[in-house]
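Listed here are the chains, written in short residue letters.
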Amino acid sequence: MNRFIIKNIKNKSFNFFNLTVKYSTARQAEQYQAITYGTEDTKNFRIFYEKNSKIISPFHDIPLFYDKNESILNMVVEIPRHSHAKMEINKKELFNPISQDVKKEKLRYINNIYPYYGYIWNYGAFPQTYDDPDHVDQTTGCIGDNDPLDVIELGTEKQNRGAVIQVKVLGALGLIDEGEADWKVLTVDIKDKLAAELNDIADVESKLPGLLECTRDWFKHYKIPSGKPANNFAQGGRFFDRDFSLQIIHKSYTAWSKLVEQNENKKKISLANSCLNNSNTLNQAV
């Protein structure tokens, strides 16, 4: 166990306990070790990441590109299919562990939206991406939502929470969530049995008929049970193709590149990292 993070956990008084260790795929287990602290469905639950005996940030240290030439990207799975807990990369805490979102002092869960049960796909984020709230997105006409870029994985398997998987990009949906641009990039795990047949957004409708319409419907209505209005979309809910989606990803990566070089930021985002060799890289010697 990494003594550096344990020391900082104690200093922060997080009160973590019940240590377990989980791995993703066999190949990724050689690189990224997901370490859980605390008990699920509590405010103390966290998933940290370790590589080569160093704690790393899933926001900053896991590379966006797994294979840049083939446009294969890394995805951090925050929420497995058919689960309800709203988990996300914690932007403000040291090394950005995954934690459950809290609103008004209560843990956040997604309501079931008939006829759906929980999240209808695997859901997570691209590392090394950032939707800048100081930038107006041209397509949606809205500012960024101050988060890493969201990812939907459409494959046939339910992924593990905290897994780091490799995906190929298929398309994107331009959600407008409470006045902010909140792009959802559609992908498929390269190891999924449908991966060879899914290469662009048109393939999704032909191989998984109805899933795109269900995706748009879910995002439009999922906040209504909590008293929020229905969400809107860019260009009437159009699903954009792979090439356009890669441009969205590139813009988000560029915004992250600028963010991570700052010494301070007004959003109080933790920029601590282990691998970038910049002013925010921390020495983990104890």
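Before reading further, recall that the structure is shown in the block above.
Draft legend 1. Expanded view of the pattern of salt bridges. Applying the stated rule across the entire model yields 14 salt bridges. Between Asp101 and Arg108 there is a salt bridge whose closest N-O contact spans 3.2 Å. Arg108 shares its class with Asp101; the two are buried. One salt bridge connects Glu197 with Lys207, and the closest N-O pair in it is separated by 3.3 Å. Of this pair, Glu197 sits in the loop between β15 (180-189) and α3 (201-207) while Lys207 sits in helix α3, and the two are ten residues apart along the sequence. Accessibility expressed as a relative area gives 40% for Lys207, which makes it partly exposed.

Draft legend 2. Quick peek at helix α4 (residues 211-221). Three or more residues of α4 are buried, namely Leu211, Leu212, Thr215, Trp218 and Phe219. Buried residues along α4 cover an arc of 125° about the axis, so they all sit on one side.

Draft legend 3. Representation of the pairing of strand β2 (residues 33-37) in the model. Burial analysis of β2 places five of its five residues in the buried class, the great majority of the element. Both faces of β2 are covered, namely the face carrying Gln33, Ile35 and Tyr37 and the face carrying Ala34 and Thr36. Direction of pairing for β2 relative to strand β3 (residues 46-51): antiparallel, over a ladder of five bridges. Bridged to Tyr37 within β3 is Arg46.

Draft legend 4. Examining the pairing of strand β14 (residues 164-177) more closely. Along β14, 14 of the 14 residues are buried, which leaves the element largely enclosed by surrounding structure. With five bridges connecting them, strand β6 (residues 72-79) and β14 associate as antiparallel partners. Each bridged residue has a counterpart across the sheet, and for Val76 the counterpart in β14 is Val164. Relative to β15, β14 runs antiparallel, the two sharing ten bridges. By the bridge assignment, Gly171 is partnered in β15 with Leu186. Counting the residues in the hairpin turn of β14 and β15 gives two residues, including Glu178, whose phi is positive at 55°. Sheet analysis places β14 next to strand β17 (residues 239-240), joined by two bridges and oriented antiparallel. Bridged to Ala172 within β17 is Phe240.

Draft legend 5. Representation of the packing of aromatic side chains within the structure. Scanning the model with the defined rule gives 15 aromatic pairs in all. Aromatic pair Trp121 and Trp218: ring centres 5.1 Å apart, planes at 75°, arrangement edge-to-face. One end of the pair, Trp121, is in the loop between β10 (106-107) and β11 (122-125); the other, Trp218, is in helix α4, and 97 residues separate them in sequence. Ring centres of Phe240 and Phe244 lie 4.4 Å apart, and the angle between their planes is 20°; this geometry places the pair in the stacked category. Given a relative accessible area of 1%, Phe240 falls into the buried group. Members of the aromatic cluster, each reached through a chain of ring pairs, are Tyr119, Trp121, Tyr123, Trp218, Phe219 and Tyr222.

So, how was this worked out
Residues numbered from 1 in each chain as written. Predicted model: local features only at pLDDT ≥ 70, side-chain atom pairs only at ≥ 80, totals over all residues. Heavy atoms only, no water. Salt bridge = Lys/Arg side-chain N within 4 Å of Asp/Glu carboxyl O. Buried < 20%, exposed > 50% of the residue type's maximum accessible area, 1.4 Å probe, protein only. Helix = DSSP H or I, 4+ residues; strand = E, 2+ residues; numbered from the N terminus. Arc of directions from axis to C-beta. Pairing = 2+ DSSP bridges. Phe/Tyr/Trp six-rings, centres within 6.5 Å; stacked < 30°, edge-to-face > 60°.

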